[in-house]
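# Chains, contacts and geometry: an overview
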Amino acid sequence: MLDQTIKVELSTTKKQKPNADQLQFGKIFTDHMFIMDYTEGKGWHDPRIVPYQPITLDPSSVVFHYGQTVFEGLKAYVTKEGKVQLFRPEKNMERLNQSNDRMVIPKIDEQFALKALKQLVSIDKDWIPTAEGTSLYIRPFIIATQPFLGVAPSSQYKFMIIMSPVGAYYKEGLNPVKILVENEYVRTVKGGTGTAKTGGNYAASLKAQEISSQKGYSQVLWLDGIEHKYVEEVGSMNIFFKIDGKVVTPELSGSILPGITRDSIIQLLKYWNIPVEERKISIEEIYEAYDKGLLEEAFGTGTAAVISPVGELLWKDRKIVLNNGETGPLSKKLYDTLTGIQYGTVEDPFGWIVTV
Ligand code: COI
């Protein structure tokens, strides 16, 4: 592991913490943040925890022009007994490095990054909200900071971790969301950056997202970029369908984000002996299953979204309402079990929880 001391400068002022009922997603940040710099020839250096504050960057920094950046998202939870828990944080560090590889950003030392993350969470642990459905969202990210307008990998970077107390991601809370199946725009294609967690994928999604919200939908469901036929993922989550007793989710085809919640749900379903398949799923298949009365439920999975039931799909002006627009029993059971493990009220048979 990187043998460097993390310098700590504690904030002299403490910001006011929000009330549980004011919590929105990602609008308020804790008292501290982590920063570490990278310089070519020197590697990652100067890890430090400092008061949360704006940073100064040269306007020619690579990130502003060519989007060389990656990020992660995970959460810290506090149990009834006051223990602080993280959910599979090593997987986020592993995926950060996979994204780094795709975006030609130097790898971080995963164990060191996890140590820094735990220290930061521990310093700001009073910021972890305790009300049901709330948590502390943790956003590690890396930006390319070399002042240079040529299209080439940057020689300088900043790795930072910021944290935000959050409630539900969608305005619907835990109620089913309405999703528009996107038929014109695409998120990415195989060979693109879809498997990396990089800002450009999200910037590319905004146009379709804007149109869907004008039509009253929360998110778009992306179809594959070549045939516009196969279901890929939703803007901020992976997608699952329960058809005739079987759960299906799009396979990791090379353009879909490999969600950690997605993987956890597949493991949970297998543990319960519920048949689950990762494969290509066409949007026609979903509508046909609906027409035959076999489409039982659909739900999205993600760190921010947790388990988010889908109540309605709109594809080419054809609207279908799933499970009467209500949360289905499997979505509910998965939500209760996953959050139970995360908040320490349900036993964790998988060894997913890491205590801070
Ligand atoms: C997460 O679930 O952590 C994400 O990164 C999705 C996000 C874009 C809010």
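Residues numbered from 1 in each chain as written. Predicted model: local features only at pLDDT ≥ 70, side-chain atom pairs only at ≥ 80, totals over all residues.

Moving on to the overall build of the protein chain. Counting its regular elements, the protein chain contains eight helices and 18 strands. In terms of its C-alpha atoms, the protein chain occupies a principal-axis envelope of roughly 60 × 50 × 35 Å. With 356 residues in all, the protein chain has 41% of them scored as buried. If you take every contact in the protein chain between residues at least 6 apart in sequence, the share linking residues at least 24 apart comes to 70%. (Helix = DSSP H or I, 4+ residues; strand = E, 2+ residues; numbered from the N terminus. Buried ≥ 20, exposed ≤ 12 C-beta atoms within 10 Å, placed from the backbone. Contact = placed C-beta atoms within 7 Å.)

Moving on, we get to the site of the ligand. Around the ligand, the neighbouring residues are Gly 73, Tyr 202, Ser 236, Gly 302, Thr 303 and Ala 304. Here the shell around the ligand is built from residues that sort into two nonpolar, four polar and no charged. (Near = placed C-beta within 6 Å. Nonpolar A, V, L, I, M, F, W, Y, C, P; charged D, E, K, R; others polar.)

We now examine the UniProt feature "modified residue: N6-(pyridoxal phosphate)lysine" (unreviewed entry) in the protein chain. Sequence positions flagged by UniProt for "modified residue: N6-(pyridoxal phosphate)lysine" (unreviewed entry) are, in local numbering, Lys 197. With respect to the helices and strands, the residue Lys 197 is situated in the loop between strand E9 (177–181) and helix H4 (199–203). (UniProt positions renumbered as here; feature names shortened; annotations may be inferred.)

Where strand E5 (residues 74–78) meets strand E6 (residues 84–87), three bridges bridge the pair, whose relative direction is antiparallel. Bridging from a neighbouring strand, Val 78 pairs with Val 84 of E6. Two elements, E6 and strand E18 (residues 353–355), share three bridges in a ladder whose sense is antiparallel. From the neighbouring strand, Leu 86 faces E18, where its bridge partner is Val 354. (Pairing = 2+ DSSP bridges.)

A few words now on the environment of Phe 299. Tracing the sequence through the fold places Phe 299 in strand E15 (residues 295–302). Sequence-wise, Phe 299 and Val 177 are 122 residues apart; in three dimensions their C-alpha atoms are separated by 8.9 Å. Sequence-distant contacts of Phe 299, that is, excluding residues within four places in its chain, are made with Phe 240, Ile 307, Ser 308, Pro 309, Val 310 and Ser 331.

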